[in-house]
Amino acid sequence: MAKELAKQYSPQDVENRIYQFWLDGHYFHAKLDPEKTPYTIVIPPPNITGQLHMGHALDETLQDILIRFRRMQGYDTLWLPGTDHASIATEAKIVEAMKKEGLTKEDLGREGFLKRAWEWKAQYGGRIVEQLKKLGSSCDWERERFTLDEGCSKAVREVFVRLYEKGLIYRGERIINWCPHCCTSISDAEVVYEEQAGHFWHIKYPLIDENGAPSTTEFLEFATTRPETMFGDTAVAVSKENEKLKHLIGKNAILPIVNRPIPIVGDEHADPEKGTGAVKITPAHDFNDFEVGKRHNLPLINILNPDATLNENTPFPGMDTQTARQKTIEKLEELGLMEKIEDHPMVIPYGDRSNVVIEPMLTDQWFVDAPKLAVKAIEAVENGDMEFVPKSYEKTYFEWMRNIQPWCISRQLWWGHQMPIWYGPDGEIFCEENVEEAQAAADRHYGRHVELTRETDVLDTWFSSGLWAFSTLGWPDKTEYLDTFYPTSVLVTGFDIIFFWVARMMMMSMYMMKKVPFRKCYIHGLVRDEQGRKMSKSKGNTVDPMETIEKYGADALRFFMAAMETQGRDINMSENRIAGYRNFATKLWNAARFGEMNEAVLPADFDESKVKSAVNKWIIAKAKQASEEVTDNLNAFRFSDAANAVYQFVWGSFCDWYIEMIKPILYGENQEEKAETRASFAWVLKRILIILHPFMPFITTELWNNLVKSEIKLINYPWPQAEAIDAAALN
């Protein structure tokens, strides 16, 4: 037996030691046991630039609960960890650091910059992994992956080439989100929206009269929040159902200041009930207008430089948008074409990394034909091959997938997966997995040796993340891990990732593997502050999980997350509740010490079904009942119900009632009853440690190692099977 338990439980003295005990014993490592049923979770890879936040803490806690539960149930569990290279965020951090040294990317060149980036990753990229360990995450760290490691890179190249060969990856001009600070396209996931005070400027465009001259009496009025974009207008749209304006369809208006004729088109995008019923169409700088432009074959005029200053297609080249807006307004007022100005709230898109206004911009980019890939991904959910928990999130998934747009996958960056695309001297494209194959293909095409130029763009980070479920298991090689652990069992993630990751994993896996990436997808809510507000650095209301763990212990934070995780609802942070769950751990510790001081040891031949005392029958029945409730609730992903079932049993039935009721027995003279009670106490405490372990692994392991005589460590101890419960004893 281990030494006597300390008088007080101190998480700070226990948790690091226990985690090292697990690592030293390789208890997290998947064994590839053919006798066991596999159970797999791939971790949503956190960015190497990131630090653990409360959203991570919730996500990882729920995954760890499931993995520890299934491990104890006898599954061959694999919780596969890894990190994401986070192209934009990582490159931005490195560029910022270089700026302080007076250096630019171009000063180092691509090769020199990438060398520096890998050095940065080596120094800082593992920080969040160490924080995950502090939380108690029982990942198979021996199989840790990185989205830019050689295996993942090989998978990325092969998938890209296959999709390109099938026409599912192509180059084209479309509207994308453009970050003027990073000078790259970005995904919707990297855009945050803020409501700000703004204006509606009501502008009049003169109609062109029968003589082809601008009318001085007839105008088409509309409202815009961005007057400076008018120089990219190539039409004005009105609804064909608009009785007041539909007679103008087919006529032309004059674009003021630059005096360019533009057509008036009939299109459903113009709502006759909204505003004036007319809408200016700027196809190169508005997502909806781009679609209108396609329907009417309108010219596409880009008015912005990469840094979001106006270009030569405007009267104000080199001006920033705000200055150009003011100049445009002044000119319109001079011409008498500014009808009125109204206050109007605006929702402004900002880059989540750069914190600058994101511009919708027409650029030449690479795209994945997501609408085609979405077909099988939709069918898989319709057929029940992949199930959302809660099921209500199916609707969110279907709405997005059925209206999905081509996916822009190119980024104008250096850190990331450089596209396996090479160009011949005449611009001919060669898509191969490596330069040798590209060169051979080019030489065959031209009939001679030619110089090739490689595409400089890298892939959207979500491209490699979309392959995560199978690339991390060894694909494209046929590995034993891939055969055993794919498809994975469940993905645990937040609802805000359905569009950006869940959808992409489904599309890529259904196309490449012909199977779903995971059989279930558990969607949890957000962790908000105590007032229910979304946490953000700008609001100053974030809570650092590492500080919380230092103060209250990882077990307390984990139990809080589990107890608060009700399907479909967000969690409001509460330090008082976390402190309460630290007190819960202390109460369990004190109960264990009570048993230790009263010589409560479990005999090897103890049969709990044969106890005679009513109080011992009652607590054993209650323990079995709690075990059943925890099992049923974890099977159904009802984390809060499972946590509260074990909490109520431990705090109420065991500590508050049972311990008080057995004190007269333990302090009495009836040796037979005393022996049975000691054994019953030890049996129940052992059961508590088992069913509490997935939620509070540190304290349960510490107590197990000190108090339970067993060659099997708690992390691998068999979970209780369905067992008979003495209903009469419960009453």
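In what follows, the structure referred to is the one given above.
From a predicted model like this one, the values you see are computed outputs, not experimental measurements.

## Section: the overall build of the chain
The number of helices and strands found in the chain is 23 helices and 25 strands. Projecting the C-alpha coordinates of the chain onto the three principal axes gives extents of approximately 115 × 65 × 55 Å. Relative to its 731 residues, the chain shows a buried fraction of 56%. At a minimum sequence separation of 6, the contacts of the chain that also span at least 24 residues come to 77%. When the accessible surface of the chain is totalled, it reaches about 32300 Å², and 47% of it is carbon and sulfur. Across the chain, the 83 positively charged side chains and the 108 negatively charged ones have centroids separated by 4 Å.

## Comments concerning the state of the cysteines
Counted under the stated rule, the structure contains zero disulfides. Looking at Cys431, it has no disulfide partner, and the nearest cysteine sulfur is the one in Cys408, 16 Å off.

## Details of the environment of Leu491
Counting through the fold element by element, Leu491 comes out in strand β22 (residues 488-494). Since its relative accessible area comes to 0%, Leu491 is described here as buried. If near-sequence neighbours (up to four positions away) are discounted, Leu491 is found in contact with Val42, Pro44, Trp501, Val502, Met505, Phe518, Lys520, Cys521 and Tyr522.

## Things to note about the layout of surface pockets
If you add up the space inside the second largest pocket, you get close to 460 Å³. Listed by contribution, the elements that provide at least two residues to the lining of the second largest pocket are α18 (575-597), α21 (671-692) and α22 (697-707). Element by element, the count of residues in the lining of the second largest pocket is highest for α21, at six residues. Split by residue class, the lining of the second largest pocket holds 17 nonpolar, two polar and six charged.

## Focus: the packing of aromatic side chains
Each aromatic ring pair is specified by the distance between its two centres and by the angle formed by the two planes. On inspection of all chains with the given rule, the structure shows 44 aromatic pairs. Summarising the aromatic geometry, the rings of Phe559 and Tyr647 are spaced 6.2 Å apart at their centres and angled 40° between planes, so their arrangement reads as tilted. Taken together, the positions of Phe559 in helix α17 (residues 554-564) and Tyr647 in helix α20 (residues 639-666) put the pair 88 residues apart, joining distant regions of the chain. When sorted by exposure, Phe559 lands in the same class as Tyr647, which is buried. Ring centres 6.5 Å apart and planes at 25° place the aromatic pair Tyr658 and Phe681 in the stacked group. Here Tyr658, found in helix α20, pairs with Phe681, found in helix α21; they are 23 residues apart in sequence, far enough to count as distant. A relative accessible area of 2% places Phe681 in the buried class. Joined through ring pairs, the aromatic side chains of Phe559, Tyr581, Phe584, Tyr647, Trp651 and Phe695 make up one cluster. Over the aromatic face of Phe146 sits the side chain of Lys121, whose NZ or CZ is 4.3 Å from the ring centroid.

## Points about the sheet that holds β22
With parallel pairing, the three strands of this open sheet are ordered in space as β15-β23-β22. Edge positions in the sheet fall to β15 (387-389) and β22, since each has one partner strand and no second. For this sheet, the mean angle separating the axes of adjacent strands, direction not counted, is 20°. As defined by bridge partners, β15 adjoins strand β23 (residues 518-524) across three bridges and the pair is classed as parallel. Following the sheet pairing, Val389 is matched in β23 by Tyr522.

## Focus: the packing of helix α3 (residues 87-100) against helix α4 (residues 105-124)
Where α3 contacts α4, the axes come no closer than 11 Å and their chain directions differ by 115°. Considering the relative orientation of α3 and α4, their crossing is right-handed. Counted together, Thr90, Glu91, Lys93, Ile94, Val95 and Met98 of α3 and Lys105, Leu108, Phe113, Arg116, Ala117 and Trp120 of α4 form the full contact between these two elements. When the residues that make up the contact of α3 with α4 are grouped by side-chain class, the tally is seven nonpolar, one polar and four charged.

## Some details on the environment of Asp352
Mapped onto the elements, Asp352 comes out in the loop between β13 (338-351) and β14 (359-368). Sequence separation of Asp352 and Glu194 is 158 residues, and the distance between their C-alpha atoms is 11 Å.

## Regarding the side chain of Ser137
With respect to the helices and strands, Ser137 occurs in the loop between α5 (127-135) and β4 (145-146). What makes Ser137 buried here is its relative accessible area of 1%. A polar side-chain atom of Ser137 sits 3.0 Å from the main-chain carbonyl oxygen of Leu132. What Ser137 contacts, discounting residues up to four positions off in sequence, is Tyr19, Phe28, Glu60, Asp64, Trp79, Leu132 and Arg558.

## What to know about the sheet that holds strand β18 (residues 421-423)
In space, the three strands of this open sheet follow the order β19-β18-β20, with antiparallel pairing throughout. Strands with a single pairing partner mark the edges of an open sheet, and in this sheet they are β19 (429-431) and β20 (453-454). Sheet contacts for helix α6 (residues 150-165): β18 and β19; angle to β19, the most-contacted strand, approximately 130°. Relative to β19, helix α11 (residues 435-446) is tilted by about 140°, and along the sheet it contacts β18 and β19.

## Some details on unusual backbone geometry
Note: most residues except glycine have negative phi, and most peptide bonds are trans. Residue Pro390 is reached from Val389 by a cis peptide bond, and omega for that bond is 0°. You can see Pro390 is positioned in the loop between β15 and α10 (393-401). A cis amide bond links Tyr486 with the next residue in sequence, Pro487, at an omega value of 0°. Assignment of secondary structure puts Pro487 in the loop between α14 (480-485) and β22. In this model, His26 sits at a positive phi of 55°, which is unusual for a non-glycine residue. By secondary structure assignment, the location of His26 is in the loop between α1 (11-24) and β1 (38-42).

The rules behind each value
- Residues numbered from 1 in each chain as written.
- Predicted model: local features only at pLDDT ≥ 70, side-chain atom pairs only at ≥ 80, totals over all residues.
- Heavy atoms only, no water.
- Helix = DSSP H or I, 4+ residues; strand = E, 2+ residues; numbered from the N terminus.
- Buried < 20%, exposed > 50% of the residue type's maximum accessible area, 1.4 Å probe, protein only.
- Contact = heavy atoms within 4.5 Å.
- Areas by Shrake-Rupley, 256 points an atom, 1.4 Å probe, with all protein chains shown as cover.
- Lys, Arg positive; Asp, Glu negative; His and termini not counted.
- Charge placed at Lys NZ, Arg CZ, Asp CG, Glu CD.
- Disulfide = S-S within 2.5 Å.
- 1 Å grid on protein atoms, 1.4 Å probe; cavity = no way out; pocket = protein on both sides within 12 Å on 5 of 7 lines; lining within 4 Å.
- Points joined across faces, edges and corners; volume = space filled by probe spheres on them.
- Nonpolar A, V, L, I, M, F, W, Y, C, P; charged D, E, K, R; others polar.
- Phe/Tyr/Trp six-rings, centres within 6.5 Å; stacked < 30°, edge-to-face > 60°.
- Lys NZ or Arg CZ within 6 Å of the ring centre and 35° of its normal.
- Pairing = 2+ DSSP bridges.
- Axes fitted to C-alpha atoms, helices over the stretch in contact; angles between N-to-C directions.
- Left-handed = near helix turned anticlockwise from the far one by under 90°.
- Polar contact = N/O pair within 3.5 Å; in protein donor to acceptor, adjacent residues only side chain to side chain.

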